[in-house]
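So the chains spell out like this:
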Amino acid sequence: MKIAIIGGGICGLSLALNLKERGIDCRVYERAPELKELGVGITLLPHAMREFTALGLADELLKAGIENRESRAFGRRLRLHRL
């Protein structure tokens, strides 16, 4: 079986790594001519870090990132949603 992954963002590349760990052949298709930093931040919640830890990437991510101590999310009407 060969898997096509459309999009080389964090989800697409994470899926590709996960499939590779399981011995499943896949190919990632990305429209952008090159992969580069965009200058935006992302928040990796505990369930995402669990998956990255399973892929052996936790130490590298912790070194490259900044640990959040508190987060807040606001809905469309600017109501605070506790995380």
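What counts and how
Residues numbered from 1 in each chain as written. Predicted model: local features only at pLDDT ≥ 70, side-chain atom pairs only at ≥ 80, totals over all residues. Heavy atoms only, no water. Helix = DSSP H or I, 4+ residues; strand = E, 2+ residues; numbered from the N terminus. Rg over C-alpha atoms; globule rule 2.2 N^0.38 Å. Buried < 20%, exposed > 50% of the residue type's maximum accessible area, 1.4 Å probe, protein only. Contact = heavy atoms within 4.5 Å. Areas by Shrake-Rupley, 256 points an atom, 1.4 Å probe, with all protein chains shown as cover. Lys, Arg positive; Asp, Glu negative; His and termini not counted. Charge placed at Lys NZ, Arg CZ, Asp CG, Glu CD. Salt bridge = Lys/Arg side-chain N within 4 Å of Asp/Glu carboxyl O. pLDDT = per-residue confidence, 0-100.

1. What about the overall build of the chain?
- The number of helices and strands found in the chain is three helices and four strands.
- Overall, the chain shows an N-to-C arrangement of helices and strands of β-α-β-α-α-β-β.
- Relative to the compact-globule value of 12 Å for 83 residues, the chain shows a C-alpha radius of gyration of 16 Å, a clear excess of over 25%.
- A total of 83 residues make up the chain; the buried ones form 13% of that total.
- Considering only contacts within the chain whose residues lie at least 6 apart along the sequence, 27% involve residues at least 24 apart.
- Roughly 7900 Å² of accessible area belongs to the chain as shown, and the carbon and sulfur atoms make up 54% of that amount.
- Taking the 14 positively charged and 10 negatively charged side chains of the chain as two groups, their mean positions are separated by 10 Å.

2. Details of the side chain of S14
- The topology assignment puts S14 in helix α1 (residues 10–21).
- Leaving out residues up to four positions away in the same chain, S14 has contacts with F52 and L55.

3. Comments concerning the pattern of salt bridges
- Summed over the entire model, instances satisfying the criterion amount to two salt bridges.
- With a shortest N-O distance of 3.9 Å, K2 and D25 are connected by a salt bridge. With a gap of 23 residues between them, K2 in strand β1 (residues 2–6) and D25 in strand β2 (residues 25–29) connect regions that are remote in the sequence.

4. Focus: the confidence of the model for the chain
- In the predicted model, the chain carries a mean pLDDT of 86, and the fraction of residues at 70 or more is 93%.
- Model confidence for the chain, summarised as mean pLDDT per element, is weakest for strand β4 (residues 80–82) at 59 and strongest for β2 at 96.

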